[in-house]
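# A closer look at the structure
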Amino acid sequence: MAEDGRKRRLAFATLLYAVTVGVYFAVVPRSRILEHTPFNHFALLADGWLHHRLTLDGMPPAYAQNNDFASFGGKWFIVFPPFPAVLLVPFVWWAKNVEKVRDGQLFIWLSGIGPAVFFLALEKLRLTGRSGRTFRDDVVLTLLLAFGTVYFFTSVQGTVWFAAHVVGVGIGALYLLCALDAEHPALSGLLLGLGFLTRTPLLFAFPLFLLEAVRVTSTDRARLIRLLVRFSLPLAACFAIAMVHNEARFGKPLDFGYEYLTVAWQARMKRWGLFNYHFLARNLGVVLTGLPFWDGKARVPLTINLHGLALWLTTPLFLYLVWPKKVGDVARALYVTAAAVAIPGLFYQNTGWMQFGYRFSNDYAVFLVALLAVTGHEFKKLFYAGFVWSVAVNAFGAKTFDNGDLRKFYYEDASQRTFYQPD
């Protein structure tokens, strides 16, 4: 961990950032670089703040197709967790016109941060003797996160839902780096709070810091309490900001506004709520059994249901985690953390539709890929075959999803009731 070694790792992380962003820009349609996206909700939210309001200025813009806006008290709101909008504030302020802000381009620039920081976290595990991997292995795993998971197709979209994942993966990687060895308690708590204000499930990543803090303090109870207090204070502050924001908009601190969305499945949410056992079967169906539709007689014989492909199909290397070769302290912490983040989404009212692969896995992908570093499997021919498959499949998704004529490869049922190929 010498200073010269740290500089080399930072330089290589910068190189990985440049490679990642360069590939993403090479894949993305030109319009997402040169124009604002049709679903620039975060830019609209930032614009509202700059004009001292928590609402839209009248009706949602026509180009947004009234997609995922909330109506309450005769006014229109954006209910997505707001931290990504904070990042857009200086750009909206500078442009003076929200439609001049190329929000999609900005989030592509941000998309390289997650993989670059993740590389530094893997190097931390290697240099502290907790992963047993080589420098080359860490590079391969970083490239897997960037190009061999659904983060690839996510990063080139730029629209509100996917932009939140881009910011969330960056925060998740930073949290992993800071929480290992409970090295930076206050920063870990702040990052988890910002994660909650970006992608709500990231709040449940707290077990990683908690278990690491317990491990490093051993029997020193007083030190453990100090670490937990320093961790909790910034997290509590972020939670308080969210509560104040909710109170100012909807009159209730715990009301995030999702029930006011003017969407086709509003009746479903009113009956079952946002989270319910009722949704578990369909979500498990997507995660575990989502396959392409095949019809050799059709003009396009292979199509992908917009509920998305199974997680093991887009990244088969995750199957290694079902049979780990070894499970030490850090692996246990990562398993518990990944599960804690993943489980709430399985009870959520939405599968992630529309998507190429199960996009909610972005919330815990950094923990899953980190597990590949610490669970003892050797990186041999079978691993690299899985790596090539993962990159090829996700490159196809990145290039084709929501991209002009290439939409022909996707099966869309606006009712969202088609989970498997119709007979």
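Overview of the structure. (Residues numbered from 1 in each chain as written. Predicted model: local features only at pLDDT ≥ 70, side-chain atom pairs only at ≥ 80, totals over all residues. Heavy atoms only, no water.)

## Focus on the side chain of Thr-337
If you trace the backbone, Thr-337 turns up in helix H16 (residues 329-346). Thr-337 has contacts with Phe-204, Ala-205, Pro-207, Leu-208 and Phe-367, leaving out every residue within four places of it along the chain. (Helix = DSSP H or I, 4+ residues; strand = E, 2+ residues; numbered from the N terminus. Contact = heavy atoms within 4.5 Å.)

## Thoughts on helix H9 (residues 160-179)
Taking 1.5 Å per residue as the helical rise, H9 with its 20 residues ought to reach 28 Å, and the 28 Å between its terminal C-alpha atoms agrees with that figure. Across the 20 residues of H9, 18 count as buried, placing the element largely inside the fold. Of the residues trailing H9, Asp-181 is marked for its positive phi of about 65°. (Expected span 1.5 Å × (residues − 1). Buried < 20%, exposed > 50% of the residue type's maximum accessible area, 1.4 Å probe, protein only.)

## Looking at a nonpolar patch on the surface
A contiguous nonpolar patch, built from Leu-291, Trp-312, Leu-319, Val-322 and Trp-323 and spanning about 530 Å² of accessible area, is present on the exposed surface. Among the structural elements, Leu-319 can be located in the loop between helix H15 (311-314) and H16. (Patch = residues over 30% accessible without salt bridge, like charges linked within 9 Å, V, L, I, M, F, W, Y side chains within 5 Å. Areas by Shrake-Rupley, 256 points an atom, 1.4 Å probe, with all protein chains shown as cover. Salt bridge = Lys/Arg side-chain N within 4 Å of Asp/Glu carboxyl O.)

## Concerning the sheet that holds strand E3 (residues 293-294)
With mixed pairing, 3 strands are arranged side by side in an open sheet as E3-E4-E5. Of all the strands in the sheet, just E3 and strand E5 (410-411) have a single pairing partner and so form its edges. Pairing of E3 with strand E4 (residues 302-305) involves 2 bridges; the strand directions are antiparallel. Bridged to Trp-294 within E4 is Leu-302. (Pairing = 2+ DSSP bridges.)

## Digging into the nonpolar core
Within the largest apolar cluster, 130 residues are counted, with the highest numbers of intra-cluster contacts made by Tyr-175 and Phe-367. If one sorts the elements of this core by residue count, H9 sits on top with 14 residues. Apart from the residues within four sequence positions on either side, Tyr-175 is in contact with Ser-188, Leu-191, Leu-192, Ala-205, Phe-206, Leu-208, Phe-209, Phe-231 and Phe-367. Ala-116, Phe-119, Leu-120 and Val-139 belong to the second-largest nonpolar core, a separate cluster that totals 6 residues. (Core = buried A, V, L, I, M, F, W, Y, C linked by side-chain atoms within 4.5 Å.)

## Re the pairing of E4
Of the strand pairs in this sheet, E4 and E5 are connected by 2 bridges, and their pairing is parallel. Across the sheet, the residue bridging to Asn-305 is Tyr-411, located in E5.

## With respect to the packing of helix H6 (residues 113-127) against helix H7 (residues 135-147)
Taken N-terminus to C-terminus, the directions of H6 and H7 make an angle of 150°; their axes are 9 Å apart at the nearest point. Relative to H7, the element H6 is oriented roughly antiparallel. You can see that H6 and H7 cross each other, and the crossing is right-handed. Contacts from Gly-114, Pro-115, Phe-118, Phe-119, Leu-122, Glu-123 and Arg-126 in H6 reach Phe-135, Asp-138, Val-139, Leu-141, Thr-142, Leu-145 and Ala-146 in H7. (Axes fitted to C-alpha atoms, helices over the stretch in contact; angles between N-to-C directions. Parallel < 35°, antiparallel > 145°, perpendicular 65-115°, else oblique. Left-handed = near helix turned anticlockwise from the far one by under 90°.)

## Thoughts on the layout of surface pockets
The computed volume of the second largest pocket comes to approximately 480 Å³. Those elements giving two or more residues to the lining of the second largest pocket turn out to be helix H14 (280-289), H15, H16 and helix H17 (365-374). The biggest single contributor to the lining of the second largest pocket is H16, with 6 residues. Taken together, the residues of the lining of the second largest pocket sort by class into 19 nonpolar, 1 polar and no charged. (1 Å grid on protein atoms, 1.4 Å probe; cavity = no way out; pocket = protein on both sides within 12 Å on 5 of 7 lines; lining within 4 Å. Points joined across faces, edges and corners; volume = space filled by probe spheres on them. Nonpolar A, V, L, I, M, F, W, Y, C, P; charged D, E, K, R; others polar.)

## Let's talk about the packing of H9 against H17
Relative to each other, H9 and H17 sit at 45°, their axes nearing to 9 Å. Judged by the inter-axis angle, H9 sits oblique to H17. Contact residues: H9 offers Val-169, Gly-172, Ala-173, Tyr-175 and Leu-176, while H17 offers Val-366, Phe-367 and Ala-370. For the contact of H9 with H17, a count of residues per class yields 7 nonpolar, 1 polar and no charged.

## So, the packing of aromatic side chains
Per the stated rule, a full pass over the model turns up 35 aromatic pairs. Consider the rings of Phe-12 and Phe-135, whose centres lie 5.0 Å apart with planes at 70°: the pair is edge-to-face. Linking Phe-12 in helix H1 (residues 3-27) with Phe-135 in helix H7, this pair joins segments that are 123 residues apart in sequence. Residue class for Phe-12 comes out partly exposed when judged on its relative accessible area of 24%. (Phe/Tyr/Trp six-rings, centres within 6.5 Å; stacked < 30°, edge-to-face > 60°.)

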